[in-house]
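For reference, the chains in residue letters:
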Amino acid sequence: MNSDKTIDGRGVSVHIAHGAGITVQFVVHNIIIHGIRIHHIVSKEGGMIRDSVDHYGLRTVSDGDGISIFGASKVWVDHVSLDHCTDGLIDAIMASTAITISNCKFNHHNDVMLLGVSNSFHGDMIMQVTIAFNRFGKGLVQRMPACRWGFFHVVNNDYNKWEMYAIGGSMNPTIISQGNRFRAPDNVHAKEVTQRDHFHRKVWKHWRWRTVNDLFLNGAFFVPSGDHSNIAQELKRHMVQAKDGAAVGLLTRYAGVLRCRHDRPC
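Residues numbered from 1 in each chain as written. Predicted model: local features only at pLDDT ≥ 70, side-chain atom pairs only at ≥ 80, totals over all residues. Heavy atoms only, no water.

Attention shifts here to the overall build of the chain. Across its full length, the chain holds 3 helices and 27 strands. When the backbone C-alpha atoms are referred to their principal axes, the chain occupies close to 50 × 45 × 35 Å. The buried share of the chain, taken over its 266 residues, is 47%. Relative to all contacts within the chain whose residues are 6 or more apart in sequence, the contacts with residues 24 or more apart total 63%. Computed over 29 positive and 23 negative side-chain charges, the separation of the two mean positions in the chain equals 7 Å. (Helix = DSSP H or I, 4+ residues; strand = E, 2+ residues; numbered from the N terminus. Buried < 20%, exposed > 50% of the residue type's maximum accessible area, 1.4 Å probe, protein only. Contact = heavy atoms within 4.5 Å. Lys, Arg positive; Asp, Glu negative; His and termini not counted. Charge placed at Lys NZ, Arg CZ, Asp CG, Glu CD.)

Along the chain, the position of His109 falls in strand β14 (residues 109–111). Its relative accessible area of 7% is what places His109 among the buried residues. A polar atom in the side chain of His109 sits 3.2 Å from the backbone oxygen of Cys85. Of note is the side chain of His109, whose polar atom sits 2.4 Å from the backbone oxygen of Asp87. Ignoring anything within four residues of it in the chain, the contact list for His109 reads His84, Cys85, Thr86, Asp87, Gly88, Leu89, Gly139, Leu140 and Val141. (Polar contact = N/O pair within 3.5 Å; in protein donor to acceptor, adjacent residues only side chain to side chain.)

Strand order in the open sheet formed by 8 strands is β1-β4-β9-β12-β16-β20-β23-β26, with parallel pairing between adjacent strands. The open sheet has two edge strands, β1 (5–8) and β26 (209–212), and neither has a second partner. When the angles between neighbouring strand axes are averaged without regard to direction, this sheet yields 5°. Two strands pair when backbone bridges link them, and strand β20 (residues 151–155) and strand β23 (residues 174–178) are joined in this way by 5 bridges, in the parallel orientation. Considered in β23, the bridge of Val154 is made with Ser177. (Pairing = 2+ DSSP bridges. Axes fitted to C-alpha atoms, helices over the stretch in contact; angles between N-to-C directions.)

All right, on to the sheet that holds strand β5 (residues 37–41) then. Across the sheet, 8 strands lie side by side as β2-β5-β10-β13-β17-β21-β24-β27; this open sheet has parallel pairing. Since the sheet does not close on itself, it has two edges, and those belong to β2 (15–17) and β27 (215–217), each with one partner.

Along the chain, the position of Lys5 falls in strand β1. Of the residues examined, Lys5 reaches a relative accessible area of 39% and is grouped as partly exposed. Along the chain, Lys5 and Ile33 lie 28 residues apart, while their C-alpha atoms are 8.6 Å from each other. Excluding residues within four positions of it along the chain, Lys5 makes contact with Asn30, Ile31 and Ile32.

With that out of the way, let us pick up a nonpolar patch on the surface. Nonpolar side chains collect at one region of the surface, where Met48, Tyr56 and Leu58 lie side by side and expose about 370 Å² of accessible area between them. As for its position among the elements, Tyr56 is in strand β7 (residues 55–59). Residue Tyr56 is classed as partly exposed on the basis of its relative accessible area of 48%. (Patch = residues over 30% accessible without salt bridge, like charges linked within 9 Å, V, L, I, M, F, W, Y side chains within 5 Å. Areas by Shrake-Rupley, 256 points an atom, 1.4 Å probe, with all protein chains shown as cover. Salt bridge = Lys/Arg side-chain N within 4 Å of Asp/Glu carboxyl O.)

A separate point is the pattern of salt bridges. All chains considered together, the criterion is met by 5 salt bridges. Two residues, Asp111 and Arg143, come together in a salt bridge whose shortest N-O distance is 3.9 Å. On the criterion of sequence distance, the pair formed by Asp111 in strand β14 and Arg143 in the loop between β18 (140–142) and β19 (146–148) is long-range, its members being 32 residues apart. Via salt bridges that share partners, Arg135, Asp158 and Arg181 belong to a single interconnected network.

As a further point, take the side chain of Ser102. Its place among the elements puts Ser102 in strand β12 (residues 97–102). When near neighbours in sequence (up to four residues on either side) are disregarded, Ser102 contacts Trp76, Val77, Asp78, His79, Ala132 and Asn134.

Once that is clear, we can look at the pairing of strand β9 (residues 73–78). Across a regular strand the side chains alternate sides, sitting on one face of the sheet and then on the other. Relative to β9, strand β4 (residues 29–34) runs parallel, the two sharing 5 bridges. By the bridge assignment, His34 is partnered in β9 with Asp78. Bridge count between β9 and β12: 5 bridges; the pairing is parallel. Across the sheet, residue Val75 finds its bridge partner in β12, namely Ile99.

Written out as structure tokens, the structure reads:
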């Protein structure tokens, strides 16, 4: 996709499946992806790919992501259902920022969502992502999301029995978990929501990770860290105003593709 484009699947049934996924790449901005199903995405060879009426260029092999956001900004992914991709369901890397992922449904996948390309790429320090009103459902293992370097507001999402952990990170990201509902798996060794990529506590104790009005069920727990002294002001000025975690079931009841008809409002 290139800049100033919308994919809108309301009122019809749109599946992107059994081939390459969606790539939002290289200084692209103002993108909306709404109301489609993305599943069974596989890695595909690159080649000369047309990205507009009057331009085509060389693209390398795709990783098998459902949605790959690479060096892009002002991207909104809303009411999309994703499952069974070769790599990530959604990855945002290489200094992408101003991203909102909302009202989506995620199922049956290992590495769900990666935000930040590596522990060595400092450019992802500018990354700002909001993850709101999503359902992380059946058969998910980890990375809901995994965050590096940037600022991440995870708000009013529903997490249901991950296999390893829910929210992870490395390289000093700021993570505000607010008003989410975390239902832990029955495995007594996987109750913790958070995971810090094998860093020692003397390193991660300074990372700003905070839980605010989250609901923890079946033994789930969140390990906070860092200085929270000015986070309350940031929540009021710059972020989605969240409900308490007890409201998540109502807030996420329409997550995923909406059941719309062409002749009726959604």
